[in-house]
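Structure at a glance
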Amino acid sequence: MSRRGNELEHRALQLIFDAEGEGILQSEMWKKLGVSSREGSRLALKFEEKGIIERQKVLHNGRWTYRLQSIRQPVTLDSIRGCPCLRCDDIDKCFPGGSRSPINCRQLTEWIMANAGDADTGPST
Ligand code: SF4
């Protein structure tokens with residue numbers, strides 16, 4: 001994919017993520033991006049196929065369009081709150097194959113297990 005294409009996808013996703021719960025109309029997205037309705041539709045379909053968004057058909061000002069809503073959210077600082085790596089003295093020695101490794105770290109595994117399923121709200125501390 002071209003650099004312009006990547007940048008366009010990034011901007012489109014940011015618009016959808018920023019719209020949070022209520023989502024954004026597909027027609028509104030392509031107008032804000034300054035692209036054609038065909039290009040906007042192509043992007044929305046691609047995101048839907050990748051499972052990043054869901055499209056819901058809605059009637060808006062007498063015309064059918066789609067409301068685009070994010071299924072996934074971008075990683076936030078909240079999502080790593082309480083992670084043991086943030087205050088670990090061994091972080092400089094920790095890498096796959098190192099003297100410490102995230103692959104078999106008990107503290108990290110326990111933190112992940114304790115926070116599994118909190119993806120929407122971020123882990124607890
Ligand atoms: S994976 Fe474990 S050892 Fe490595 S930085 Fe995180 S807490 Fe420290």
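Look a little higher up for the structure.
Overview of the structure. (Residues numbered from 1 in each chain as written. Predicted model: local features only at pLDDT ≥ 70, side-chain atom pairs only at ≥ 80, totals over all residues.)

1. Overview of the pairing of strand E3 (residues 63-70)
Short version of the rule: We call two strands paired when DSSP finds no fewer than two bridges between them. Each helix is a run of DSSP H or I of at least 4 residues and each strand a run of E of at least 2, with the numbering of both proceeding from the N terminus.
As judged from the two bridges shared by strand E1 (residues 24-25) and E3, these two strands associate in the antiparallel manner. Of the residues in E3, the one forming a bridge with Ile-24 is Leu-68. Hairpin remark: strand E2 (residues 53-60) followed by E3, antiparallel, with two residues in the connecting loop; positive phi at Asn-61, about 50°.

2. Describing the site of the ligand
We count it as follows: Near residues are defined by distance alone, with the backbone-placed C-beta atom required to lie within 6 Å of the molecule or strand. Following the grouping adopted for this structure description, the nonpolar residues are Ala, Val, Leu, Ile, Met, Phe, Trp, Tyr, Cys and Pro, the charged ones are Asp, Glu, Lys and Arg, and the polar ones are all others, Gly among them.
Every residue lining the ligand is accounted for by Pro-84, Cys-85, Cys-88, Asp-90, Ile-91, Cys-94, Arg-100, Pro-102, Cys-105, Gln-107 and Leu-108. Counted by class, the shell around the ligand contains eight nonpolar, one polar and two charged residues.

3. Here's the deal with unusual backbone geometry
Let me state the cut-off plainly: Exposed residues have 12 or fewer other C-beta atoms within 10 Å of their own C-beta, buried residues have 20 or more, and residues in between are partly exposed; the C-beta atoms are placed from the backbone.
Here Asn-61, not a glycine, exhibits a phi torsion of approximately 50°, which is positive. Asn-61 sits in the exposed class, given 7 other C-beta atoms within 10 Å.

4. Focus: the packing of helix H2 (residues 26-33) against helix H3 (residues 37-49)
Describing two packed helices takes the angle between their axes plus the distance from one axis to the other. Applicable threshold: In this analysis an axis means a line fitted to C-alpha atoms, helices contributing only their contacting stretch, and an angle means the value between N-to-C directions, from 0 to 180 degrees. Crossing handedness is read from the near helix: turned anticlockwise from the far helix by less than a right angle, it gives a left-handed crossing, and turned clockwise, a right-handed one. Two residues form a contact once the distance between their C-beta atoms, set from the backbone, is within 7 Å.
Between H2 and H3, the shortest axis-to-axis distance is 9 Å and the interhelical angle comes to 115°. Regarding H2 and H3, the two cross each other, and that crossing is right-handed. Residues Gln-26, Ser-27, Met-29, Trp-30 and Leu-33 of H2 form the contact with H3, whose participating residues are Ser-37, Glu-39, Gly-40, Ser-41 and Ala-44.

5. Notes on the sheet that holds E3
Taken together, three strands build an open sheet; the order of strands is E1-E3-E2 and the sheet is antiparallel. The strands lining the two open edges of the sheet, one partner per strand, are E1 and E2. Of the strands in this sheet, E2 and E3 touch H3, which is tilted by about 135° from E2.

6. Focus: the environment of Arg-100
Inspection of the secondary structure puts Arg-100 in the loop between E3 and helix H4 (106-115). Between the alpha carbons of Arg-100 and Asp-90 there is a distance of 7.2 Å; along the sequence they are 10 residues apart. Those residues in contact with Arg-100 that sit more than four places away from it in its chain are Asp-90, Lys-93, Cys-94 and Cys-105.

7. Focus on H2
The periodicity of an α-helix, 3.6 residues per turn, causes residues three or four positions apart to be oriented the same way. The following threshold applies: Of all possible arcs, the one meant is that of the directions from the helix axis to the C-beta atoms.
If you check which residues of H2 are buried, you get Gln-26, Met-29 and Trp-30. The buried residues of H2 occupy an angular sector of 90° when the element is viewed end-on, so they sit on one face. Taken from the residues just after H2, Gly-34 is the one with a positive phi, measuring 75°.

8. Observations regarding the pairing of E2
When E2 meets E3, the two strands line up antiparallel, connected through eight bridges. Looking across to E3, one finds that Gln-56 is bridged to Arg-67.

9. Things to note about the nonpolar core
Our working rule: By our criterion, buried Ala, Val, Leu, Ile, Met, Phe, Trp, Tyr and Cys residues that link up through C-beta atoms within 7 Å make up a nonpolar core.
Within the largest apolar cluster, 11 residues are counted, these being Ala-12, Ile-16, Ile-24, Met-29, Trp-30, Leu-43, Ala-44, Phe-47, Ile-53, Tyr-66 and Leu-68. Put simply, the parts of the chain that give this core at least two residues each are helix H1 (3-18), H2, H3 and E3. Ranked by residue count, the leading element in this core is H3, at three residues. When residues no more than four places from it in sequence are discounted, the contact partners of Tyr-66 are Gln-26, Ala-44, Arg-55, Gln-56, Lys-57 and Val-58.

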